[in-house]
Amino acid sequence: MPKNQVKYTFLVGSAKSGTTKLADLLDLHPDITLSSDKEPDTFADSDFSETLLNDYNTLFDSAAKIRIDASTSYSERTDSELIAERLYRVDPLAKILYLVRDPAKRAWSSYWHYVRNGVEHRSPEEAITDINSPHYVGSCFYSQIRNYETVFPRSQIRIIEFEDFIKSPSAIYKEILAFLELDDAPLQQGESSKTTNKSYQWRGPATILKYVKPKYIQKATKIIKKTLPEGFINTIKHSATKPVPKITPAQYQKFAPLFEEERRALKREYTDLFISSTTD
């Protein structure tokens, strides 16, 4: 990327850890543009090329200083180092943001997300213990960060804990803006809590939507939120969706040990990369 041009930030994951909320909050900043598809997944499978980059750049507002791609697929694969290399070719000075949460609970949410989209048909036990599944790989936080650190300098990587972000969104938002070298733009009252992305399943006639690509549902949802009253939207949501089953203590005890070594390694090796705050 030529000097003095637009900068990129990649919110690479982890899926089901608050990335939608964080992306939407960052998009409120006047110097930031979020890609028109929140998760374009452009470099998940495609090698870098100038033609691809030109097409990719049409997803962003050209007037903004920083372009944010929040494709969580960039950290759900065992080959994420290759993805990191592609992102480096887009912008070697790019910043990498990575949200983490309890890995067993994240894997559980990931499983039900894929079930909802008609992709996952196995039992939770079979799917989550599959070491090549996005549910398992996406919860191996240490391995994912290590893959990115082999390509990007540590100074360009930051980790945010989901629980800390949910507790103090405005404070975390401020720290991230500082990391991105942007002026502080305090959130207005209510902005830090208006964006949520809870796990759910389709039900009734709406089950047909699991055959529709999520990005199209996201686009339609944005339009609906802008045009219909909140009460009516809640009624539609209640009739079309149902919450996913909560992970039971027995299931948690089965899945948590799968990620314990990764969790400890992340804290041991990358403590200095965490953005955190105890005040909001």
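Just so you know, these numbers come straight off a predicted model, no measurement behind them. (Residues numbered from 1 in each chain as written. Predicted model: local features only at pLDDT ≥ 70, side-chain atom pairs only at ≥ 80, totals over all residues. Heavy atoms only, no water.)

Caption draft 1: Quick peek at the overall build of the protein chain. Assigned secondary structure in the protein chain consists of 14 helices and eight strands. Residues classed as buried in the protein chain amount to 50% of the 280 residues present. Considering only contacts within the protein chain whose residues lie at least 6 apart along the sequence, 81% involve residues at least 24 apart. By element, 52% of the accessible surface of the protein chain is carried by carbon and sulfur atoms, the whole surface being about 14,400 Å². (Helix = DSSP H or I, 4+ residues; strand = E, 2+ residues; numbered from the N terminus. Buried < 20%, exposed > 50% of the residue type's maximum accessible area, 1.4 Å probe, protein only. Contact = heavy atoms within 4.5 Å. Areas by Shrake-Rupley, 256 points an atom, 1.4 Å probe, with all protein chains shown as cover.)

Caption draft 2: A look at the environment of Ile131. Its place among the elements puts Ile131 in the loop between α6 (124-128) and α7 (134-137). Residue classification places Ile131 among the exposed positions, given a relative accessible area of 52%. Note: C-alpha distance between Ile131 and Leu258 (127 residues apart in sequence) is 9.6 Å. Beyond its immediate stretch of four places on either side in the chain, Ile131 contacts Tyr136 and Val137.

Caption draft 3: Quick peek at the packing of aromatic side chains. Summed over the entire model, instances satisfying the criterion amount to 12 aromatic pairs. When the centroid spacing of 5.1 Å and the interplanar angle of 80° are considered together, the rings of Tyr111 and Trp112 count as edge-to-face. Per residue, the accessibility class of Tyr111 equals that of Trp112, and both read buried. With a centroid separation of 5.3 Å and 40° between ring planes, the pair formed by Tyr136 and Phe259 is classed as tilted. Placement of Tyr136 in helix α7 and of Phe259 in the loop between α13 (249-255) and α14 (260-270) is noted, with a sequence separation of 123 residues between them. Residue class for Tyr136 comes out buried when judged on its relative accessible area of 17%. Cluster of aromatic residues (ring-pair linked, three or more members): Tyr8, Phe10, Phe43, Tyr56 and Phe60. (Phe/Tyr/Trp six-rings, centres within 6.5 Å; stacked < 30°, edge-to-face > 60°.)

Caption draft 4: Inspection of the sheet that holds strand β1 (residues 7-13) at higher detail. One open sheet holds the six strands; their spatial order is β2-β3-β1-β4-β5-β8, and the pairing between them is parallel. Either end of the sheet is taken by a strand with one partner, and the two such strands are β2 (32-34) and β8 (274-275). Across three bridges, β2 lies against strand β3 (residues 66-69) in parallel orientation. By the bridge assignment, Leu34 is partnered in β3 with Ile68. (Pairing = 2+ DSSP bridges.)

Caption draft 5: Here's a closer look at helix α1 (residues 19-26). Burial runs high along α1: seven of the eight residues are buried. Restricting attention to buried positions, one finds in α1 the residues Thr19, Thr20, Lys21, Leu22, Ala23, Leu25 and Leu26.

Caption draft 6: The nonpolar core, seen in detail. Ranked by internal contacts, the top residues of the largest apolar core, which has 34 residues, are Phe10, Tyr56, Tyr74, Leu87, Tyr148, Phe152 and Leu266. Sorting the residues of this core by element identifies β1, α2 (42-45), α3 (50-57), α4 (80-90), β4 (95-100), α8 (141-149), β5 (157-161) and α14 as the ones contributing at least two each. Apart from residues no more than four positions distant in its own chain, Leu87 is found in contact with Phe10, Val12, Phe43, Tyr74, Tyr148 and Phe152. Counting 23 residues, the second-largest nonpolar core is a separate cluster that includes Leu25, Leu34, Leu97 and Phe179. (Core = buried A, V, L, I, M, F, W, Y, C linked by side-chain atoms within 4.5 Å.)

Function cannot be read off these values alone, since they describe shape.
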